[in-house]
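# Close look at the chain arrangement
Listed below are the residues making up each chain.
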Amino acid sequence: MGSVRLNLLLILVLAGMIGVQWLLLPDPSRRNWEFLPDMVESPARGAQAPVPTLADGTVVDLRPPPGSVAKGFIPLQYPATPEGALLAGRELVNHIPVDDSDEVTRGAFVYATFCTVCHGAGGHGDGTATQLGVPPPPSLLADHAMEMSDGQMYHVVSLGQANMASYASQVTRDDRWRVINYIRALQRAPEAPPPLEAAEALREEPSEVAAEGNPEGT
Ligand code: HEC
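These lines cover the structure that appears in this document, whether it is placed above or below. Along each chain, residue indices are assigned from 1 in the same order as the chain's sequence is written. Given that the model is predicted, a residue must reach a pLDDT of at least 70 before its local features are reported, and side-chain atom pairs must reach 80 or more before they are shown or counted; all residues, however, enter totals for whole chains, interfaces and linings.

## Description of the site of the ligand
Neighbouring residues of the ligand: 22 residues in total, closest C115, C118, P137, A162 and M164. For the shell around the ligand, the secondary structure elements donating two or more residues are α3 (101–119), α4 (143–147) and α5 (150–159). Runs of E in the DSSP output that reach at least two residues are strands. Runs of H or I that reach at least four are helices, and both are numbered from the N terminus. With five residues, α3 is the largest single contributor of residues to the shell around the ligand. In the shell around the ligand, the residues fall into 18 nonpolar, four polar and no charged. Should the C-beta atom of a residue, placed from the backbone, lie within 6 Å of a molecule or strand, that residue is near it. Residue polarity is assigned by list, with Asp, Glu, Lys and Arg as charged and Ala, Val, Leu, Ile, Met, Phe, Trp, Tyr, Cys and Pro as nonpolar; anything else, Gly included, falls into the polar class.

## Things to note about the nonpolar core
One finds Y111, V179, Y182 and I183 to be the most contacted residues of the largest nonpolar core, which totals 24 residues. Those elements that provide at least two residues to this core are α2 (82–91), α3, α5 and α6 (173–188). The dominant element in this core, judged by the number of residues it contributes, is α3, at seven residues. For our purposes the nonpolar core covers buried Ala, Val, Leu, Ile, Met, Phe, Trp, Tyr and Cys residues that link as a set through C-beta atoms within 7 Å. Think of it as a crowd count around each C-beta: if 20 or more other C-beta atoms lie within 10 Å the residue is buried, if 12 or fewer it is exposed, and in between it is partly exposed, with C-beta placed from the backbone throughout.

## Quick word on α5
Where burial is concerned, most of α5 is hidden: 10 out of the 10 residues are buried. All of the buried residues in α5 are D150, G151, Q152, M153, Y154, H155, V156, V157, S158 and L159. Whether two residues are in contact is decided by their C-beta atoms, placed from the backbone, lying within 7 Å. Packing partners of the buried residues in α5 comprise α2 and α6. G160 lies just past α5 and shows a positive phi near 80 degrees.

Structure follows, in structure tokens:
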């Protein structure tokens, strides 16, 4: 008897729920009820929307405070002038080991990809672009380049020099140091064939030290 009464009760509860559901007439196309919405909806601001003005007329200044640096961005604070290059040459230190064959191979790959077209495979300034009207660069084996410090070369690759444009957007900071190490290897052993074959192999199989994008800007 007890279980029949319980079933009746459950049937009544079910009927009640269906009744309430029907009374509320749920409409999926309409917003649901919100209880204490608080900060559920924040004012959405478009990327190019006008700068907001407060009730008292103050214009909200959304510019970052002077001296702030975006996360992950490492500024290169040298001016793009010969003096800036000399200063960078005195202050910047190449932190990529010169004797790590993986690093040098990566440097060769960067050189083959971005520099050979003008500087030539052997660094003599006779790349294919020079036959097509691009002013030939000086030899990287000449005294001037031999005497340049790594930091000065880094300045050239990052900010350009005369007829050479900046390669900051194509070559990551670490790759710039690696390619400089490769130029040094060329300068030390100009007769040895550049390990472009190794670099070529890298095209199929990216090395451990392959570029990781360029989040750090210039
Ligand atoms: C579009 C052609 C071009 C490309 C590509 C190029 N360079 Fe240059 N580079 C030049 C020219 C031209 C100069 C000489 C600029 C001048 O007159 O001072 C130069 C100068 C340099 C110098 C200074 C040499 C010196 O004795 O003053 C270095 C170092 C250098 N380049 C490295 C690189 C590296 C590393 C790459 C690849 C990431 C590269 N360049 C790619 C054209 C190029």
